[in-house]
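The chain contents come next:
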Amino acid sequence: MSVSSYPIVRLRPKAEARAIRHGFPWVYGDELVTDRRTQGLEPGALAILEDAERRTLGLVTVNTRSRIIARMIDRDPEAVIDQAWFEIRLKRALDLRERLYADPFYRLVHAEADGLPGVVIDRFGDVAVVQPNAAWAETHLEALVAALVAVTGVSAVVKNGSGRSRGLEGLPEETLLLRGDLNGPVPVKMNGAIYMADLIGGQKTGLFYDQRPNHAFAAALSRGQKVLDVFSHVGGFGLAALAAGAASALSVDGSAAALDLARKGAEAMGASDRFATRQGDAFATLEALAAEGEQFGVVICDPPAFAPAKPALEAGLRAYERVARLAAPLVAPGGILVLCSCSHAADLSAFRNASARGIGRGGRRSQILHTGFAGPDHPVLPQLAEGGYLKALAFRLDG
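Procedures and definitions
- Residues numbered from 1 in each chain as written.
- Predicted model: local features only at pLDDT ≥ 70, side-chain atom pairs only at ≥ 80, totals over all residues.
- Heavy atoms only, no water.
- Helix = DSSP H or I, 4+ residues; strand = E, 2+ residues; numbered from the N terminus.
- Polar contact = N/O pair within 3.5 Å; in protein donor to acceptor, adjacent residues only side chain to side chain.
- Contact = heavy atoms within 4.5 Å.
- Domains from an automatic or database assignment.
- Buried area = accessible area lost by both parts, 1.4 Å probe.
- Salt bridge = Lys/Arg side-chain N within 4 Å of Asp/Glu carboxyl O.

A.B. asks: Looking at this structure, how should I read the side chain of E50?
C.D. replies: Mapping E50 onto the fold places it in strand β3 (residues 45-50). Within polar-contact distance, the side chain of E50 engages the side chain of R10 at 2.9 Å. Among residues more than four places away in sequence, those in contact with E50 are I8, V9, R10, L11, R55, T56 and L57.

A.B. asks: What am I meant to see in the domain arrangement of the chain here?
C.D. replies: Reports of interface size often rely on the accessible area that becomes lost once the parts have come together. Assigned domains within the chain: domain 1 (8-74), domain 2 (83-179) and domain 3 (190-397). Put simply, the middle of domain 2 and the middle of domain 3, counted by C-alpha atoms, are 27 Å apart. Counting residues at the interface gives 21 residues for domain 2 and 19 residues for domain 3. It is Y101, H110 and F124 that lose the most area in domain 2 upon contact with domain 3, and together they represent 28% of the buried surface on that side. On inspection of domain 2 and its partner domain 3, the count reaches zero salt bridges. Of all the elements, strand β6 (residues 105-110) adds the most residues to the side of domain 2 that touches domain 3, at four residues.

A.B. asks: What is the right way to look at the pattern of salt bridges in this model?
C.D. replies: Where charged atoms from two side chains of opposite charge come close, those side chains can pair. If you walk through the whole model with that rule in mind, you get 21 salt bridges. Residue R357 is joined to E321 by a salt bridge in which the shortest nitrogen-to-oxygen separation is 3.0 Å. With R357 in helix α12 (residues 348-361) and E321 in helix α11 (residues 313-327), this residue pair connects regions lying 36 residues apart in the sequence. Among the charged side chains, a salt-bridge network with shared partners connects R21, D51, E53 and R55.

In structure tokens:
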């Protein structure tokens, strides 16, 4: 498509064009002139973005159904979005991950930071799971997948079309195998542990690679300790702790399927004799463990996003405070409490304050040992603070 074939969309006079010139990748609905022609664009359509003075800013994808009405795709307004275009971006992303990790198990594409807005790709050896969370990615999925296979050589590709982001873009939920064959969970070696990732029926893409460095930090403090891993999914912190020599690990989660995968991971590691699971509501289980007089040398709580967006912020911070309040009494004197948040709307300061309040209300005093974030396969665009969603705080509680 030549430049003249792309429609033009224009910023309103009060929109901050300078921020976009300096790398901010989004245009919100109230910043764009939404005339009849713009409203008529199909979700995911490509257009040239101009500022209010008709100066070209670049090539964007437009979705008038989304709060993020336009996303910068390429600074070159004449760019052609085809398989070759995707291959260039995927090769750049792959180069970074191959420098970071010896084995092909990582987040290959982290959306805007890797130049593919709204696209997440996790790699599990010969299998890749693609999350096309923006309308343009859905439209160009065939070219994206062809480029992915060409660049990485994966033999199977799963489309995971679930989650809140797709709903905000007006996209349907669906998860299906696009290429190749997939038989059962995929074993993933990470931090010495073995995780069983369900790439079709599991949460998100099947495994949370973002916690890799935080798993490692908590595991290093777990040698010889009794460990409690709450909101454990497929065994994240607990299995890493066992690999580092924990005396025992108890994984708590609401999902029976996730806990079954965690048990299979422990079995694959030869650690079944030190591993136990408990299915149920996390808050109720924390209360029950306290009533039973249980205490642990290391307690980790890694809940889902309680504050995924600003309207949920206050309620989300109260939930994080409650987690800390219920978990603190379960930590043995001088023990470690690791609290995590993957909420975009709760920044580090707000999360840290909520956690500290909860620990205090739980009757304990603390010191912060470590603040962790997502691993380097989850790069952050400097202009987009929302990309740094994951926070992990390690506290040492009073003895």
